[in-house]
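Read off the chains here:
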Amino acid sequence: PDALMDSTQLTKSHKLENVCYDIRGPVLNHAKRLEEEGQRILKLNIGNPAPFGFEAPEEILQDVMRNLPTAQGYCDSKGLYSARKAVMQECQRKDIPGVGIEDIFIGNGVSELIVMAMQALLNDGDEVLIPAPDYPLWTAAANLSGGRPVHYLCDEQADWAPDLADIRGKITSHTRAIVLINPNNPTGAVYPPEVIREILAIAREHRLVVFSDEIYDKILYDDAEHVATGSLADDDQLVVTMNGLSKSYRCAGFRSGWMILSGNVAKQNARDFLQGLEMLASMRLCANVPAQHAIQTALGGYQSINDLILPGGRLRAQRDITVEKLNAIPGVSCTVPKGALYAFPRLDPKVFNIHDDEKLVLDLLLQEKILLVQGTAFNWPDPDHVRIVTLPWAEQLGDALERFGRFLERYRQ
Ligand code: PLP
């Protein structure tokens, strides 16, 4: 009977064996069940601005609606000309040299482009250096594509900057690429140009493709400045920069992002890879066309995100209260995020007895109806961090973090 059972079970493909994306993992299913029972959950688990009252600029909505009648057909697989032109001009503003219309791919969010890029590049066993902690789609996409994610550590003591010695030590003859996430999710780190230059030098020496996920480039606090990786690279280095509308323009649901290839000499040598990307782009025909009409409007005009991040701005105030409340909990320490929408505090293992951070997050959900994501979901090696989304109003965040502090009491050694 067992054999009969086995042969009737539909199992997932082997390709998915090491693929995991725990931001929307098992704990979220518990949260959904509680919501179905009528409970209210404070969701500090996903960087989705709109449900917290961060709406897309009105001008973007108007332009998408105005263009809807002409957005009924498929477009070029790489995207609408007007959207790509706007991205090209953004490259000029960010000093990424030599980017032409054909070097830009519009996708259904950066997510689609990450998977596409990994599929186009990796052969079985090829290694990709990915930060730990990371935005876990990078790890999942490398695995899905037959590659092997190799995690390099970021150093909490150094404002979460990538550990260059660790990067160097992990390069092998199989390493094909390195991923930078700057500003970083989940740590909020914004990398100084010196660090980016050093990583580029390592990549150059070992002929690695550099992937730079810059989706939070306009969400910066205090004196932080974002420098595009592509602006510091040499002509003979291939840099693939990712960005999109989900965060800075608060329309994550539109699913609109772009990928830019820069490095003029490197592109000559990467024609085959480029053709691979073009083939994958054409297999899915094109990205959502109505949402592509938002890109030119978003990039062209007044950048309303600035009102939210400057002193007195809502996002800035929420970042501030998050750090303050976390650091007020004995045994918890939070490096100040200089960008993005998250805090990634450390729960000192000498103070707290936590062996399973997923269970910690589940207990918090069940007891306090607050949903966080465990640090290990971001490929962080130890169960001593959690990620908190800084999108709710400051008062709500402050209250939730005080409750988190009281909840942690029972884990104290
Ligand atoms: N990259 C990073 C670092 C992210 O944090 C996210 C979303 O949270 C994405 C990519 C995916 O963005 P998109 O909505 O464009 O697919």
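Residues numbered from 1 in each chain as written. Predicted model: local features only at pLDDT ≥ 70, side-chain atom pairs only at ≥ 80, totals over all residues.

## Points about the nonpolar core
- Grouped together as the largest cluster of nonpolar side chains are 118 residues, with contacts concentrated most on A117, V179 and V210.
- For this core, the leading source of residues is helix α5 (residues 109–121), giving seven residues.
- Counting only domains with at least three residues in this core, you end up with domain 1 (2–54 + 307–411) and domain 2 (58–300).
- In this structure A117 touches F211, V240, M259 and L277, once residues within four positions along its chain are discounted. (Core = buried A, V, L, I, M, F, W, Y, C linked by C-beta atoms within 7 Å. Buried ≥ 20, exposed ≤ 12 C-beta atoms within 10 Å, placed from the backbone. Helix = DSSP H or I, 4+ residues; strand = E, 2+ residues; numbered from the N terminus. Domains from an automatic or database assignment. Contact = placed C-beta atoms within 7 Å.)

## Notes on the UniProt feature "domain: Aminotransferase class I/classII large" (unreviewed entry) in the protein chain
- Residues annotated in UniProt with the feature "domain: Aminotransferase class I/classII large" (unreviewed entry) correspond here to residues 41–402.
- Overall, residues 41–402 shows 38% helix and 17% strand. The separation of its end C-alpha atoms is 16 Å. (UniProt positions renumbered as here; feature names shortened; annotations may be inferred.)

## Some details on the site of the ligand
- Not every one of the 13 residues close to the ligand is listed here, only the nearest: G109, V110, S111, Y135 and S246.
- Among the elements that take part in the shell around the ligand, α5 stands out by supplying three residues, more than any other. (Near = placed C-beta within 6 Å.)

## Some words on the pairing of strand β7 (residues 209–213)
- Of all five residues making up β7, five are buried, and the element is well covered by its neighbours.
- Both faces of β7 are covered, namely the face carrying V209, F211 and D213 and the face carrying V210 and S212.
- Of the strand pairs in this sheet, strand β6 (residues 175–181) and β7 are connected by five bridges, and their pairing is parallel. Paired with I181 across the bridge in β7 is D213. (Pairing = 2+ DSSP bridges.)

## Observations concerning the sheet that holds strand β4 (residues 148–155)
- Strand order in the open sheet made by the eight strands is β2-β9-β8-β7-β6-β3-β4-β5, with mixed pairing throughout. Edge positions in the sheet fall to β2 (104–107) and β5 (161–162), since each of these pairs with one other strand and no more.
- By the bridge criterion, six bridges tie strand β3 (residues 127–132) to β4 in an arrangement that is parallel. When the bridges of β4 are listed, L129 appears paired with V150.
- Contacts between helix α6 (residues 137–144) and the sheet are confined to β3, β4 and β6, with β3 contributing the most and set at about 160° to the helix. (Axes fitted to C-alpha atoms, helices over the stretch in contact; angles between N-to-C directions.)

## With respect to unusual backbone geometry
- The omega torsion across A132 and P133 is 0°, close enough to zero to call that bond cis.
- If you trace the backbone, P133 turns up in the loop between β3 and α6.
- Across the junction of N185 and P186, the peptide omega takes the value 15°, indicating a cis bond.
- Along the chain, P186 falls in the loop between β6 and α8 (193–205).
- If you check the backbone angles, W160 has positive phi at about 65° while not being a glycine.

## So, the environment of T229
- If you trace the backbone, T229 turns up in helix α9 (residues 229–232).
- It is 9.5 Å that separates the C-alpha atoms of T229 and I199, two residues lying 30 residues apart in sequence.
- T229 has contacts with L180, I196, V210, S212, V239 and T241, leaving out every residue within four places of it along the chain.

## Thoughts on the sheet that holds strand β15 (residues 386–389)
- Taken in spatial order, the three strands line up as β11-β15-β14 in an open sheet, and their pairing is antiparallel. Edge strands, defined here as strands with exactly one partner in the open sheet, are β11 (342–343) and β14 (373–374).
- Direction of pairing for β14 relative to β15: antiparallel, over a ladder of two bridges. Opposite Q374, over in β15, you have V386 as the bridge partner.

## Re the packing of α5 against α6
- The interhelical angle for the contact between α5 and α6, taken along N-to-C directions, is 35°, at an axis separation of 8 Å. At the point where α5 passes α6, the crossing takes the right-handed sense. Counted together, S111, I114, V115 and M118 of α5 and L137, W138, A141, A142 and L144 of α6 form the full contact between these two elements. (Left-handed = near helix turned anticlockwise from the far one by under 90°.)

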